[in-house]
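Single-letter residue listing:
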Amino acid sequence: FAGKPFVLSPLTQDKSGLRNMIQSTTTESISQGLPDTSGTNIGDAILSANTLLSGATGDHAIILLTDGRANIGIDPIISAEESRTLANPIYPIAIGSSSGTLLSYIDGNGIRQYFYDTKHEPLKADIDEEVLQKLASISHGKYLRAGDALSFEKGIEEIGKTV
């Protein structure tokens, strides 16, 4: 969930290690105060995952965690079509409230800073469930909604049973 894709884990079969990495990930895991790191770049994240998975053998999938709407980078539908061609199913997981939580980051001084639009109105997370569902459908994955930690954990377990 950033303006540039960041890889959380290299390719691994260590499911418990991956689970620990996912459980420790927060919105503060990526410094949003750096240049070109704000925004939601879903399309480029999928392309990055496709590149990582090129040459992978066995069962594999892309788990896409997002708290927003693609607003920067390549169109995620184009990226999902590449995923389908490469047999990389996408499992988008929407994290957060559909009512829109305020977008913020922790600055270098440990102070929470909020993102504002051009009218100086606070920006809120805007999950585009329609696009996320299309990404899953196009790539033969499944869309999941995680409004809380328990539903997130259940979603990860569900993915683990299919991949």
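It should be emphasised that the depicted structure is a prediction, and the values quoted were computed from it without experimental measurement.

### Considering the overall build of the protein chain
Line of reasoning, step 1. Looking only at helices and strands, the protein chain features five helices and five strands.
Line of reasoning, step 2. When its helices and strands are written in sequence order, the protein chain yields α-α-β-α-β-β-β-α-β-α.
Line of reasoning, step 3. A burial count over the protein chain gives 33% of its 163 residues as buried.
Line of reasoning, step 4. Contacts spanning at least 24 positions in sequence make up 74% of the contacts within the protein chain whose residues lie at least 6 apart.
Line of reasoning, step 5. Carbon and sulfur atoms make up 52% of the accessible area of the protein chain, which totals about 9,500 Å².

### Some points on the side chain of His60
Line of reasoning, step 1. Note on placement: His60 falls in the loop between α2 (42-53) and β1 (62-66).
Line of reasoning, step 2. Side-chain polar atoms of His60 contact the backbone oxygen of Gly58, separated by 2.8 Å.
Line of reasoning, step 3. Separated by 2.8 Å, the side chains of His60 and Asn88 make a polar contact.
Line of reasoning, step 4. Residue contacts for His60: discarding those within four places in its chain leaves Leu53, Ala87, Asn88, Pro89 and Val163.

### Some points on the confidence of the model for the protein chain
Detailed reading of the predicted coordinates is not advisable wherever pLDDT falls low.
Line of reasoning, step 1. Residues of the protein chain with pLDDT of at least 70 account for 88%, and the chain-wide mean is 83.
Line of reasoning, step 2. For the protein chain, strand β3 (residues 104-106) is the element with the lowest average pLDDT, namely 71, and helix α3 (residues 76-85) is the one with the highest, namely 96.

### Side note on the packing of α2 against α3
Line of reasoning, step 1. The geometry of α2 relative to α3 is characterised by a closest axis approach of 7 Å and an angle of 20° between their N-to-C directions. Here α3 runs roughly parallel to α2, going by the angle between their axes. As for the relative orientation of α2 and α3, their crossing is left-handed in sense. Of the residues in α3, those touching α2 at Ile42, Gly43, Ile46, Leu47 and Asn50 are Pro76, Ser79, Ala80, Glu82 and Ser83.

### Remarks on the sheet that holds strand β2 (residues 90-95)
Hydrogen bonds along the backbone pair up the strands of a sheet, which may run parallel or antiparallel.
Line of reasoning, step 1. Read across the sheet, three strands follow the order β1-β2-β5 without closing on themselves; strand pairing throughout is parallel. Each having just a single partner strand, β1 and β5 (144-146) make up the two edges of the open sheet. The mean inter-strand angle of the sheet, taken between neighbouring strand axes irrespective of direction, is 20°.
Line of reasoning, step 2. Inspection of the sheet shows β1 paired to β2 by five bridges, in the parallel sense. In the sheet register, Thr66 faces β2, and the bridge partner there is Ala94.

### Thoughts on the pattern of salt bridges
Line of reasoning, step 1. In total, this model carries four salt bridges according to the counting rule given.
Line of reasoning, step 2. Two residues, Arg19 and Glu153, come together in a salt bridge whose shortest N-O distance is 3.1 Å. Of the two residues, Arg19 sits in helix α1 (residues 15-24) while Glu153 sits in helix α5 (residues 149-162), which places them 134 residues apart along the sequence.
Line of reasoning, step 3. Look at Arg19 and you get partly exposed, because its relative accessible area is 31%.

### Side note on helix α4 (residues 129-139)
Line of reasoning, step 1. Those residues of α4 lying buried are Leu132, Leu135, Ala136, Ile138 and Ser139.
Line of reasoning, step 2. In the segment just after α4, His140 is the residue with positive phi, at about 70°.

What counts, and at which threshold
- Numbering of residues starts from 1 in each chain and follows the order in which that chain's sequence is written.
- Note on the predicted model: pLDDT of at least 70 is required for a residue's local features to be given, and 80 or more for side-chain atom pairs to be given and counted; whole-chain, interface and lining totals, by contrast, use all residues.
- Heavy atoms throughout the structure, all of them, feed into the side-chain values; hydrogens and water do not.
- By the criteria applied, helices consist of DSSP H or I runs no shorter than four residues and strands consist of E runs no shorter than two, each listed in order from the N terminus.
- Using a 1.4 Å probe on the protein chains alone, a residue whose accessible area is under 20% of its type maximum counts as buried, one over 50% counts as exposed, and one in between counts as partly exposed.
- Two residues qualify as a contact provided that any one of their heavy atoms is within 4.5 Å of a heavy atom in the partner residue.
- Under the convention used here, a 1.4 Å probe and the Shrake-Rupley method define accessible areas, while residue burial counts only the protein chains that appear.
- Any pair of N or O atoms that falls within 3.5 Å is considered a polar contact. Within protein, one atom must be able to donate a hydrogen and the other to accept it, and sequence-neighbouring residues count only if both atoms are side-chain atoms.
- What pLDDT expresses is the predictor's confidence in each residue, scored from 0 to 100.
- Helix axes use the C-alpha atoms of the stretch in contact, all axes being lines fitted to C-alpha atoms, and the angles between their N-to-C directions lie in the range 0 to 180 degrees.
- When describing relative orientation, an angle under 35 degrees is termed roughly parallel and one over 145 degrees roughly antiparallel, while 65 to 115 degrees is termed roughly perpendicular and anything else oblique.
- Left-handed is the label given to a crossing in which the near helix is rotated counterclockwise from the far helix by less than a right angle, and right-handed is the label when the rotation is clockwise.
- Strand pairing is assigned whenever DSSP detects at least two bridges linking the two strands.
- By convention in these notes, a salt bridge is any Lys or Arg side-chain nitrogen within 4 Å of a carboxyl oxygen on Asp or Glu.

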